Amino acid sequence: MLIKKRRPSDVLPSEITPESIYRDRRRFLKTSALAAAGTILAPEFVTAKPMEALESLEGLADSPFSTDETLTGYEEVTTYNNFYEFGTGKEDPASLAPGRLEHRPWTITVSGEAENTGEFAIDDFLSGLTLEERIYRLRCVEAWSMVIPWAGVSLASVIQRAAPTSKAKYVRFDTLYDPNVMPAQAARGFSFLASIDWPYREGLRIDEAVHPLSFLATGLYGKEMPSQNGAPIRLVVPWKYGFKSIKSVVRIHFQEIEPECTWNLMQPQEYGFYANVNPNVDHPRWSQARERRIGEFFKRDTLMFNGYEEEVAHLYAGMDLAKYY
Ligand code: MTE
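Within any chain, residue numbers begin from 1 and follow the written order of that chain's sequence. Residues qualify for local features only when their pLDDT is at least 70, as the model is predicted, and side-chain atom pairs are given and counted only at 80 or more; totals for whole chains, interfaces and linings, by contrast, use all residues. Computation of side-chain values: all heavy atoms of the structure, hydrogens and water removed.

## Notes on the pattern of salt bridges
Phase 1: When a carboxyl oxygen of Asp or Glu lies within 4 Å of a side-chain nitrogen of Lys or Arg, that pair is called a salt bridge. One pass over the structure, following the stated rule, counts 18 salt bridges.
Phase 2: Between Asp-174 and Arg-251 there is a salt bridge, with its nearest N and O atoms 3.9 Å apart. Of this pair, Asp-174 sits in strand β5 (residues 170-175) while Arg-251 sits in strand β10 (residues 249-255), and the two are 77 residues apart along the sequence.
Phase 3: Of the residues examined, Asp-174 reaches a relative accessible area of 7% and is grouped as buried.
Phase 4: Only protein chains enter the calculation, and the probe is 1.4 Å; a residue is then buried if its accessible area is under 20% of its type maximum, exposed if over 50%, and partly exposed in between. For Arg-251, a relative accessible area of 28% corresponds to the partly exposed category.
Phase 5: One salt bridge in this structure joins Lys-244 and Glu-202, with 2.7 Å as the shortest N-O distance. Of this pair, Lys-244 sits in the loop between β9 (234-236) and β10 while Glu-202 is found in strand β6 (residues 201-205), placing the two residues 42 residues apart along the sequence. Secondary structure elements follow DSSP: runs of H or I no shorter than four residues count as helices, runs of E no shorter than two count as strands, and numbering proceeds from the N terminus.

## Quick notes on the nonpolar core
Phase 1: For the purposes of this section, nonpolar cores are sets of buried Ala, Val, Leu, Ile, Met, Phe, Trp, Tyr and Cys residues that join through side-chain atoms within 4.5 Å. Among the nonpolar cores identified, the biggest contains 84 residues, and Phe-125, Trp-150, Phe-173, Leu-216, Trp-239, Ile-252 and Phe-254 are the most heavily contacted of them.
Phase 2: Sorting elements by how many residues they give to this core places strand β4 (residues 144-154) first, with seven residues.
Phase 3: A contact between two residues is defined here by any heavy atoms of the two lying within 4.5 Å. Apart from residues no more than four positions distant in its own chain, Trp-150 is found in contact with Glu-132, Glu-133, Arg-134, Tyr-136, Phe-215, Ala-217, Gly-219, Leu-220, Met-225, Arg-234 and Val-236.

## Focus: helix α6 (residues 155-162)
Phase 1: Buried residues of α6: Leu-155, Ser-157, Val-158, Ile-159 and Ala-162, and no others.
Phase 2: Just past α6, the residue Ala-163 takes up positive phi, approximately 55°.

## Observations regarding the side chain of Thr-72
Phase 1: Turning to its location among the elements, Thr-72 is positioned in the loop between α2 (43-46) and α3 (74-79).
Phase 2: Engagement of the side chain of Thr-72 in a polar contact is seen with the backbone nitrogen of Val-147, the distance being 2.7 Å.
Phase 3: Ignoring anything within four residues of it in the chain, the contact list for Thr-72 reads Glu-19, Val-77, Met-146, Val-147, Tyr-221, Arg-293 and Ile-294. For the purposes of these results, a polar contact is taken to be a pair of N or O atoms within 3.5 Å, where, inside protein, one atom must be able to donate a hydrogen and its partner to accept one; residues adjacent in sequence count only when each atom of the pair is a side-chain atom.

## A word on unusual backbone geometry
Phase 1: A cis geometry characterises the amide bond from Arg-104 onward to Pro-105, with omega recorded as -10°.
Phase 2: Mapped onto the elements of the fold, Pro-105 is located in the loop between α4 (92-96) and β1 (107-112).
Phase 3: In this chain, Ala-231 is followed by Pro-232 through a cis amide linkage whose omega measures -5°.
Phase 4: For Pro-232, the position within the fold is in the loop between β8 (223-224) and β9.
Phase 5: Phi is positive for Ala-143, close to 75°, though the residue is something other than glycine.
Phase 6: The class of Ala-143 is buried, set by a relative accessible area of 14%.

Okay, structure coming up:
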């Protein structure tokens, strides 16, 4: 496939691609690129589908990190969400976030222990970076999972550009704070949502952050990121429970000490800083040994580090994973 550089924010919104033909289209693009290069001849196939429909996928570079497992349906990915700023119901984000959460203008502040700090309009922030597709498993701490084709940029490329100093041992990420946009941030009284210390914050150790799997997603299914999935830009760390994959990021802050993270602050006995997917360490209130893949009937075994053990286990060598959960 021809890989051309394009602005990562250029994931074009066009018609929704059903998951059943999404992979076929990606395969078709590669096939037609090869055919165009004279490597193979498949003229009927090349003319069989309209090119305009394929254009939005053209600039996405493939990744060796992508899984070939069955994709979770676009409908499920975009209507079964956790985005507490819009409520605790799984369907709340899809019904409340679109139309409220504006994707542009969007400013990302890079701050703390880095050479290149400042405020950046998102398109400047992303310009020049390679837009890739990463098909990752997402395992929620609530014991359900999905397979999602993300589009975006490697977090390492962003961090490299920020040029952290030697004091930067950790990276913190903040979600937008705007109670006019996010109703739960305006919650008052004794409700659960009012007890959250907004904005939602998350963090990684710097070596986790620069790991090649760590990703900043600006889209999914070859389209611009839907609001409910964390538009315009969200973190995706596939070997950790989904709550680490913070949505709608406005700040990336480099610091020397371990950052305070929303769920860890709320319930430290239940949600640790590391939050690595681990079938051998149960949540105090439920088992983490198995999970329900959305769209499947039978539960499946949860894999160590969500199936990314080979890639990331070395980051935790010598650490007691029952203690650093
Ligand atoms: N980010 C913010 N800002 N607020 C949230 O409530 N929920 C987290 C994570 N990122 C959350 C968030 C949780 S618990 C999960 S499982 C994933 O987002 C869900 O991502 P998805 O809705 O795109 O599947």
